[in-house]
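Next come the chains, spelled out residue by residue.
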Amino acid sequence: MLKCRTVWRTLAPLARTSSTVCRQNARRAGLNNGRLPACVPAAHMSTAPAGGGRENQLYVLLVGATCVGGAIYAYRTVKGDSQRYQDRIDEISSRPLKTFTEEPATPTQSEPPAAPSPAEPSPPAPDAEILAPIETADLPSVWIASTADEPAVEASPQEAAEPAAALIVEEGDASPASHKVSSHTPYLLIGGGTASFAAARSIRARDPGARVLIVTDELVPPYMRPPLSKELWFSDDPSVTETLRFKQWNGKERSIYFQPPSFYINAEELGSAENGGVAVLTGKKVVHMDVRGNKIKLDDDTEISYDKCLIATGGVPRNLQVIERAGEEVMKRTTLFRKVEDFKSLDKVSRNVKSITIIGGGFLGSELACALGRRSTESDLEVIQMYPEKGNMGKVLPEYLSNWTTEKVKKEGVKIISEALVKSVVSKDDKLEIQLKDGRLVKTDHIVAAVGLEPNVDLAKSAGLEVDSDFGGFRVNAELQARSNIWVAGDAACFYDIRLGRRRVEHHDHAVVSGRLAGENMTGANKPYWHQSMFWSDLGPDVGYEAIGIVDSSLPTVGVFAKATAKDTPKAATEESGTGIRSESETEHTASSPVASSAPSPTGVQHKDEYGKGVIFYLRDKVVVGIILWNVFNRMPIARKIIKDGEEHADLNEVAKLFNIHDD
């Protein structure tokens, strides 16, 4: 274009001169004929035969040459730009392939040969193969977390039991192995728990070619936490701490891992994976989050940028301040139970000490008390459980049912110390002495503190995200969003419940559903969180309950009970549903016009030996806001519908008939 402009500036004076000569010739021709034309067409002025014909021809040639030259130049310029653009695109497209093929040769020149890894994961397969069920012959099934539209995936015991060398850092190593990770990932999931895995599956279901990176500070890929305080303790396999496989109450065997190592791809291969995939970066902690720059920093100063991010950091176990102030020796002999390493450590301790004291009377404390109490019958282990309430799960169950549960726990071989407030803990004569505020003294070898969970919001400060002052956790909207491209799910999310107000839930079912929904919304679904999550607890294979909504013993309650039968146990429930994680089967069903039982409900006062099975309704302003199904299973969709309707009920005995508790 610059050349065209220069040529035009050169030719313009000639064009103006030629035009002036034409007008003068025309004027002279008119005077010679005795008249002046009123209007002379412009075309005739430049082509008139009377005088100046040579100059007119020169003008036409110059203008024509200029137009042709400009057209040729424009054509060549556009064609050259197109060719350069295509060459640039080809170069960029070839970069990941070149990096991937050349990388393996680099370490061999500067590092000594490494020992072969014990288990090398298979190369990434197309998404259809990754998500398809893995068929096994004559092998017990391994439960894999599934979405509501997908069946559970089965894997062989060998696959599920083997730790992936590329995913897991050996526990004997002093420091995690280094990972060469791409500096950018479209989907970044912070945290390696249930919520993150559910989100990854959801993202891949809606975007089959998605590249998802999970960053976790644990040394293993995502796994289920409930079995750590339940079924694993009842396993007859002496190597259960290594295999992490166990038998459900229905006798089927499974692993705690959601997927075998072959499901994941190496973190360093994620950027070049043709079909995308899910990679897990283990042993790494996110220490800083730049929301404006859409990037994070790891504890080894590695920076990773993202397009969309999920925070699913879960929580950390609380501890008693008196224990924290007691000194290093007391802390060494105290377990804060949360992770796989805690299960392994406590299992080892329980086989080498004579006394264990569990502080806490909630779900975790009561489950561990029953599990260790059952083990105490086979050894000389003394198991003590102490808590400030009057009975087990006193903050959840009404007093009469809490007392009944306490007697059940005692029968499991547990010594109960109720209304116990810890004043101090000291290490003396190779024992831990727990001094209570009422003067009682308890001596033990080891302490398990099960006093609740604190949501992990360490990233809130650097990210500038809001933390709820009442419930803790990151405040999110109905779509679980904290910012336009940041979502939060699981224990760390404080969300608004359209029926029950703002809440924060710390249970497995909530982690599954919230993680799944966050994954859908990260791919553009824009769905609100309306699900009423449930939770369950088992006190061994014979007593268990499922709950939904707000279950607080300070609320008014109405309980309707019936005599239990042989099928009213957790063991029978898992045999019927085929899974020990009962919430997975519950979330796939919805209640629709349940039919009430025709059997008459019992009248009169319920006695403590009649708490075999029943329904407990929790009321607020005469409306049911919470329900516990006591040894009543596979009825959670009905309970969910009752809470969703939010209606007042004149006679809850009639409502209890919807659960068919009076049927034999």
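An account of the accompanying structure is given in this report. Since the structure is predicted, the reported quantities are computational estimates derived from the model, not experimental observations.

1. Here we look at the pairing of strand 17 (residues 446-449)
And then number 1: Burial along strand 17 is two-sided: His446 and Val448 and Ile447 and Ala449, pointing in opposite directions, are all buried.
And then number 2: Bridge analysis of strand 11 (residues 355-359) against strand 17 gives four bridges, and the strand direction is parallel. Residue pairing in the sheet places Ile356 in a bridge with His446 of strand 17.

2. Looking at the side chain of Ser229
And then number 1: Relative to the elements of secondary structure, Ser229 occurs in the loop between strand 2 (211-215) and helix 8 (240-243).
And then number 2: With relative accessibility at 7%, the residue Ser229 sits in the buried group.
And then number 3: A distance of 2.8 Å separates polar atoms of two side chains, one belonging to Ser229 and the other to Glu367.

3. Details of the sheet that holds strand 16 (residues 441-444)
And then number 1: Taken in spatial order, the three strands of this open sheet run 14-15-16, and their pairing is antiparallel. At either margin of the open sheet sits one strand with a lone partner, and together these are strand 14 (422-428) and strand 16. Direction aside, the axes of adjacent strands within the sheet are offset by 20 degrees on average.
And then number 2: Here strand 15 (residues 431-436) runs beside strand 16; their pairing, made up of four bridges, is antiparallel. Opposite Glu433, over in strand 16, you have Lys443 as the bridge partner.

4. Brief notes about the sheet that holds strand 28 (residues 623-630)
And then number 1: With antiparallel pairing, the five strands of this open sheet are ordered in space as 24-25-28-27-26. The open sheet has two free edges, formed respectively by strand 24 (534-538) and strand 26 (557-562), since each of these has just one partner strand. Strand-to-strand twist across the sheet, computed as the mean angle between neighbouring axes with direction ignored, equals 15 degrees.
And then number 2: Strand direction decides the pairing type here: strand 27 (residues 613-620) and strand 28, joined by seven bridges, are antiparallel. Bridge assignment links Tyr618 to a residue of strand 28, and that residue is Gly626.

5. Notes on helix 12 (residues 363-376)
And then number 1: In this model, helix 12 (14 residues) spans 20 Å end to end at C-alpha, consistent with the 20 Å of a helix rising 1.5 Å per residue.
And then number 2: Judged by how many residues are buried, helix 12 sits mostly within the fold: 11 of 14 residues are covered.
And then number 3: Taken together, the buried positions of helix 12 are occupied by Gly365, Ser366, Glu367, Leu368, Ala369, Cys370, Ala371, Leu372, Gly373, Arg375 and Ser376.

6. Side note on the environment of Gly646
And then number 1: With respect to the element layout, Gly646 can be found in the loop between helix 18 (636-645) and helix 19 (652-656).
And then number 2: Each C-alpha atom, one on Gly646 and one on Val624, is 6.7 Å from the other, the two residues being 22 residues apart in sequence.

7. A closer look at the packing of helix 7 (residues 194-206) against helix 15 (residues 508-522)
And then number 1: Running from amino to carboxyl end, helix 7 crosses helix 15 at an angle of 35 degrees, the nearest separation of the two axes being 7 Å. The handedness of the crossing between helix 7 and helix 15 is right-handed. Together, Thr194, Ala195, Ala198, Ala199, Ser202, Ile203 and Arg206 of helix 7 and His508, Ala511, Val512, Gly515, Arg516, Gly519, Glu520 and Met522 of helix 15 make up the contact between the two elements.
And then number 2: Partitioning the contact of helix 7 with helix 15 into residue classes produces seven nonpolar, five polar and three charged.

The rules behind each value
Residues numbered from 1 in each chain as written. Predicted model: local features only at pLDDT ≥ 70, side-chain atom pairs only at ≥ 80, totals over all residues. Heavy atoms only, no water. Buried < 20%, exposed > 50% of the residue type's maximum accessible area, 1.4 Å probe, protein only. Helix = DSSP H or I, 4+ residues; strand = E, 2+ residues; numbered from the N terminus. Pairing = 2+ DSSP bridges. Polar contact = N/O pair within 3.5 Å; in protein donor to acceptor, adjacent residues only side chain to side chain. Axes fitted to C-alpha atoms, helices over the stretch in contact; angles between N-to-C directions. Expected span 1.5 Å × (residues − 1). Left-handed = near helix turned anticlockwise from the far one by under 90°. Contact = heavy atoms within 4.5 Å. Nonpolar A, V, L, I, M, F, W, Y, C, P; charged D, E, K, R; others polar.

So yeah, pure geometry; function would need other evidence.
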